[in-house]
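Next come the chains, spelled out residue by residue.
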Amino acid sequence: MDNGDDIYYTGQGGNNTKGDCRQNHNQKMERGNLALQNNIGQDVPVRVIRGHKSKSSDGKPGMTYTYDGLYKVVNSWPEKGASGFNVYKFHLKRIQGQPQLTTKQVWCLICIKKKRVH
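Everything quoted here is computed from the prediction, not taken from an experiment.

Colleague: I'm lost on the nonpolar core in this one. Help?
Modeller: What tends to happen in soluble globular proteins is that the nonpolar side chains get buried as a cluster. Counting residues in hydrophobic clusters, the biggest one holds 10 residues: Ile7, Leu36, Val46, Val48, Tyr71, Val73, Tyr88, Phe90, Leu92 and Leu101. Within the residue set of this core, elements represented by two or more residues are strand 2 (46-55), strand 3 (61-80) and strand 4 (86-94). Considering each element in turn, this core owes the most residues, three residues, to strand 4. Sequence-distant contacts of Val46, defined by excluding residues within four places in its chain, comprise Leu36, Asn39, Gly69, Leu70, Tyr71, Val73 and Leu92.

Colleague: Help me understand a nonpolar patch on the surface, please; the structure alone is not making it clear to me.
Modeller: Residues Ile49, Met63, Tyr65 and Tyr67 make up a contiguous nonpolar surface patch of about 460 Å² in total accessible area. For the nonpolar patch, the element with the most residues is strand 3, which contributes three residues. Among the structural elements, Ile49 can be located in strand 2. The class for Ile49 is exposed, based on a relative accessible area of 57%.

Colleague: Teacher, can you tell me more about the sheet that holds strand 3 here?
Modeller: Strand pairing within a sheet occurs via backbone hydrogen bonds; the two strands may be parallel or antiparallel. Pairing in this open sheet of four strands is antiparallel, and the strands run 1-4-3-2 from one edge to the other. Sheet topology places strand 1 (6-10) and strand 2 at the edges, where each strand pairs with a single neighbour. Pairwise comparison of adjacent strand axes, ignoring direction, gives a mean angle of 45° for this sheet. Looking at chain direction, strand 2 and strand 3 are connected through nine bridges and run antiparallel. Note on strand 3: the bridge partner recorded for Lys53 is Met63.

Conventions and cut-offs
Starting from 1, residues in each chain are numbered consecutively following that chain's sequence as written. In keeping with the predicted nature of the model, local features appear solely for residues at pLDDT of at least 70, side-chain atom pairs appear and are counted solely at 80 or more, and the whole-chain, interface and lining totals rest on all residues. Water and hydrogen atoms play no part in the side-chain values, which are based on all heavy atoms of the structure. Note on terminology: a nonpolar core comprises buried Ala, Val, Leu, Ile, Met, Phe, Trp, Tyr and Cys residues joined through side-chain atoms within 4.5 Å. A 1.4 Å probe rolled over the protein chains alone gives each residue an accessible area, and that area as a share of the maximum for its type sets the label: buried under 20%, exposed over 50%, partly exposed in between. Note on conventions: DSSP H or I runs of at least 4 residues are helices, E runs of at least 2 residues are strands, and numbering of each starts at the N terminus. By definition in these notes, contact holds between two residues if any of their heavy atoms fall within 4.5 Å. Residues qualify for a patch when their relative accessible area is over 30% and they have no salt bridge, like charges being joined within 9 Å and the nonpolar side chains of Val, Leu, Ile, Met, Phe, Trp and Tyr within 5 Å. Note on areas: these come from Shrake-Rupley sampling with a 1.4 Å probe, and a residue is covered only by the protein chains present in the view. Whenever Lys or Arg places a side-chain nitrogen within 4 Å of a carboxyl oxygen from Asp or Glu, that contact is recorded as a salt bridge. Pairing between two strands requires that DSSP report at least two bridges joining them. The axes used here are C-alpha line fits, helices contributing only the stretch in contact, and every angle between their N-to-C directions lies in the interval 0 to 180 degrees.

Laid out in structure tokens, this is it:
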């Protein structure tokens, strides 16, 4: 879940990387999951970069990445995922006093552009 100021992120790992990418075992508290967990105790912010599906000028699918600022990891917990395996969840909260979210700015520019065309 993501409302801009609060992100609920599901940790990494535990999925089948050679097939359908479904969970096939429990996530472990290692690598990225461990880094986010350590940020809670050390009060170190994380940078959030969002990926958006997009199309190039020739119509091919691709991804556009936008930097959306600094977030604080405020909580984490394990829970059963949709496939029945344990996953880690992380609550990230946007640090106040930063410029407006890039994704909202991009969306507003698209809205304005469409209004001018019609």
